[in-house]
Amino acid sequence: MCGIVGAVAERNITAILLEGLKRLEYRGYDSAGVAIFTNGGTLERTRRPGKVSELEQALENEPLAGRLGIAHTRWATHGAPCERNAHPHFAGDLAVVHNGIIENHETLRAQLKDLGYVFTSDTDTEVIAHLLEHKLKELGDLTVALKATVKELHGAYGLAVISAQQPDRLVAARSGSPLVIGLGMGENFLASDQLALRQVTDRFVYLEEGDIAEIRRESVQIWDVDGQAVERESVQYRDGAEAADKGEFRHYMLKEIHEQPAVVQRTLEGRLSQNQVLVQAFGPQAAELFAKVRNVQIVACGTSYHAGMVARYWLEELAGIPCQVEVASEFRYRKVVVQADTLFVTISQSGETADTLAALRNAKELGYLASLAICNVGISSLVRESDLTLLTQAGREIGVASTKAFTTQLVGLLLLTLSLGQVRGTLASGVEATLVEELRRLPSRLGEALAMDSTVEKIAELFAEKNHTLFLGRGAQFPVAMEGALKLKEISYIHAEAYPAGELKHGPLALVDNDMPVVTVAPNNELLEKLKSNLQEVRARGGELIVFADEQAGMTNGEGTHVVQMPHIHDILSPILYTIPLQLLSYYVAVLKGTDVDQPRNLAKSVTVE
Ligand code: HGA
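Attention here is on the structure that accompanies the text. (Residues numbered from 1 in each chain as written. Predicted model: local features only at pLDDT ≥ 70, side-chain atom pairs only at ≥ 80, totals over all residues. Heavy atoms only, no water.)

Our next topic: the overall build of the protein. Regarding its fold elements, the protein presents 18 helices and 25 strands. A globule of 610 residues ought to have a C-alpha radius of gyration of about 25 Å, and the protein, at 26 Å, matches this closely. Relative to its full complement of 610 residues, the protein shows a buried share of 60%. Summarising the internal contacts of the protein: among those between residues at least 6 apart in sequence, 72% fall at separations of at least 24. (Helix = DSSP H or I, 4+ residues; strand = E, 2+ residues; numbered from the N terminus. Rg over C-alpha atoms; globule rule 2.2 N^0.38 Å. Buried < 20%, exposed > 50% of the residue type's maximum accessible area, 1.4 Å probe, protein only. Contact = heavy atoms within 4.5 Å.)

Here is the structure:
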């Protein structure tokens, strides 16, 4: 999603802004721009649709140099991704960049037009620029004008503004879209994610909801939502900036797929005793709260939603706890009936997913027992606003299509299942010790699955010319099939749908012919025989089968049937293992199709808009 970078310094800041934008590229965007208060005393901007490299090229051809500036990568929500709609937006002598959505933009636009303001873009953001221009004329001071402006905005925003009239400062406002100030010596910075600023500082101040900030070279002042001046604590990062290079891998996605044994290992570290899960891993009050839990409600989006769906099978089967799972964008707008003693669980890689965050905020009003976030980013809104947290240790995920974040979420959810079962005494005897043992072996099992890389690469050739695919799974493998289909859609742009295998004959079987490959995950469990019958139904209609099957399942290659033998694994852990070949499959299909694997079209990494 959109990225913001800003700087006020005594040196030329153009390169700092560009480097910051590059560091945010992994979030996905469709245009980029920069506005600089130049050394010549004018406010200038350069914007380009497409990649930051195109903006960089434009700035090489016509350089802009100055000591105050803002920059942006835009993922369009209002108006096409073209130069005219790219940020920064100008109004009078102001430049504005914005992350988020202004919901009352139509009303404001009409009012501002009546006042004579002329619009040059289709974005909701431009209303902020003109409203601020209007307030500035009235009030004279940029910071005061920004405070008055945000009072009239409905929706979500992270804002950074500069003005040629008052070029001593950068002003910012946060509501529903994260912003962080980077502190330097005689210079200060702003960004939507601290990663953008790690090149220039390791000291940061996170803005809170409703905050307004005035950032000058030598000082930073912050006011809270009530307009009170506040001190926000600064945090310092000592660890070296997280590596953002692909190493030996061709794409970040492949690197991240191969990191899974290591990050799963890290996610387990410190969370297991000899034969139990350490419930305190979820926070000091976890044991006390878990003892009261009688239901679980999981809310998430996209890949994280699939992780939640797997968890439902685990929570009900192992811990005997009723569980509901819902996508956040539906949950947040629905009248929900809350059952007593329900734990509200959110899952998000970034912890800034707008819909999930909004669902959590709604849930707080609805009387849930407590909230728990399973999240990959410690300093995120979701973590800050939840009662309990389990941080997955996937490290920075750059590929837009999530891989290692998903498998570490699954590990976190299995730890949750075992913790709830343990505290409530609902686990069958011996189950926890067995699964703890299996979890310890999981990283090496994942390594075995990754060793099938070249086998899967060959299988991918079957898909290169296809336009449609079905993914089938039963039980907890159904969400795994959904995740496999999502990956294929996301990065290879092949239409893929997932079905519970038993549903095939209730409709989708009509689609099956020799142009429709059918991918299936087949662990060796009590559903195997039923699954085999479903596969016969496909073969009988000429459908080509690709089956990832347990080596003990007794399935072999045959005409139109390609079987990839998977290492045997405990059935409960099979969703984690079987995810790996499906990730590899979509990766290699995308490589064959020549798509932009790490930054697929139209998609963004951390979905900070609704
Ligand atoms: N609504 C603005 C900004 C979009 C955004 O924040 N995307 O992540 C626009 O469409 O330009």
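With that settled, the discussion passes to the packing of aromatic side chains. By the definition in use, this model includes 4 aromatic pairs. On the basis of an interplanar angle of 45° and a centroid distance of 5.4 Å, the ring pair of Phe331 and Phe344 is categorised as tilted. Of this pair, Phe331 sits in helix 10 (residues 328-331) while Phe344 is found in strand 18 (residues 342-348), placing the two residues 13 residues apart along the sequence. Considered together, Phe331 and Phe344 belong to a single accessibility category, that of buried residues. (Phe/Tyr/Trp six-rings, centres within 6.5 Å; stacked < 30°, edge-to-face > 60°.)

With that settled, the discussion passes to the environment of Ile398. By the secondary structure assignment, Ile398 is in the loop between strand 20 (388-391) and helix 13 (404-424). Judged by its relative accessible area of 7%, Ile398 is buried. Put simply, Ile398 and Lys255 are 143 residues apart on the chain and 9.7 Å apart in space, counted from C-alpha to C-alpha.

On to the sheet that holds strand 7 (residues 155-163). Here 7 strands make up an open sheet; going across it, the order is 5-6-7-8-12-13-14 and the pairing antiparallel. Both edges of this open sheet fall to strand 5 (89-91) and strand 14 (229-230), since each of them pairs with a single strand only. Pairing of strand 12 (residues 212-215) with strand 13 (residues 220-223) involves 4 bridges; the strand directions are antiparallel. If you follow Ala213 over to strand 13, its bridge partner there is Ile222. (Pairing = 2+ DSSP bridges.)

Now for the site of the ligand. Of all residues adjacent to the ligand, which total 15 residues, the nearest are Cys2, Arg74, Thr77, His87 and Gly100. Within the contact set of the ligand, a nitrogen atom lies 2.9 Å away from a backbone nitrogen or oxygen of Trp75. Take His78: an N or O atom from its main chain is 3.0 Å from an oxygen atom of the ligand. The fraction of the free accessible surface of the ligand (320 Å²) that becomes covered by protein chains is 100%. Within the shell around the ligand, the residues separate by chemical class into 5 nonpolar, 8 polar and 2 charged. (Near = heavy atom within 4 Å. Polar contact = N/O pair within 3.5 Å; in protein donor to acceptor, adjacent residues only side chain to side chain. Areas by Shrake-Rupley, 256 points an atom, 1.4 Å probe, with all protein chains shown as cover. Nonpolar A, V, L, I, M, F, W, Y, C, P; charged D, E, K, R; others polar.)

Ordered in space as 22-21-23-24-25, the 5 strands form an open sheet in which the pairing is parallel. Single-partner strands in this sheet number two, and they are strand 22 (495-500) and strand 25 (561-566). The sheet shows a mean angle of 20° between the axes of neighbouring strands, direction not considered. Two elements, strand 21 (residues 468-473) and strand 23 (residues 518-522), share 3 bridges in a ladder whose sense is parallel. Considered in strand 23, the bridge of Leu470 is made with Val518. Of the strands in this sheet, strand 21, strand 22 and strand 23 touch helix 16 (residues 477-492), which is tilted by about 175° from strand 22. (Axes fitted to C-alpha atoms, helices over the stretch in contact; angles between N-to-C directions.)

Here the focus is the packing of helix 7 (residues 260-268) against helix 14 (residues 431-450). Interhelical geometry of helix 7 versus helix 14 gives an angle of 170° and a closest axis separation of 8 Å. Regarding the angle of helix 7 to helix 14, the classification is roughly antiparallel. Along the contact surface, helix 7 presents Gln260, Pro261, Val264, Gln265 and Leu268, while helix 14 presents Leu439, Leu442, Pro443, Leu446, Gly447 and Leu450. Of the residues that constitute the contact of helix 7 with helix 14, the class distribution is 8 nonpolar, 3 polar and no charged. (Parallel < 35°, antiparallel > 145°, perpendicular 65-115°, else oblique.)

Turning to helix 11 (residues 354-366), a few remarks are in order. Over its 13 residues, helix 11 runs 19 Å from end to end, which matches the ideal 18 Å to within 8%, given 1.5 Å per residue. Inspection of helix 11 places Ala354, Asp355, Thr356, Leu357, Ala358, Ala359, Leu360 and Ala363 among the buried residues, and these make up the whole buried set. If you follow the buried residues of helix 11, they end up packed against strand 16 (295-300), helix 10, strand 18, strand 19 (370-375) and helix 12 (381-385). Of the residues flanking the end of helix 11, it is Gly367, one or two places downstream, whose phi is positive at about 90°. (Expected span 1.5 Å × (residues − 1).)

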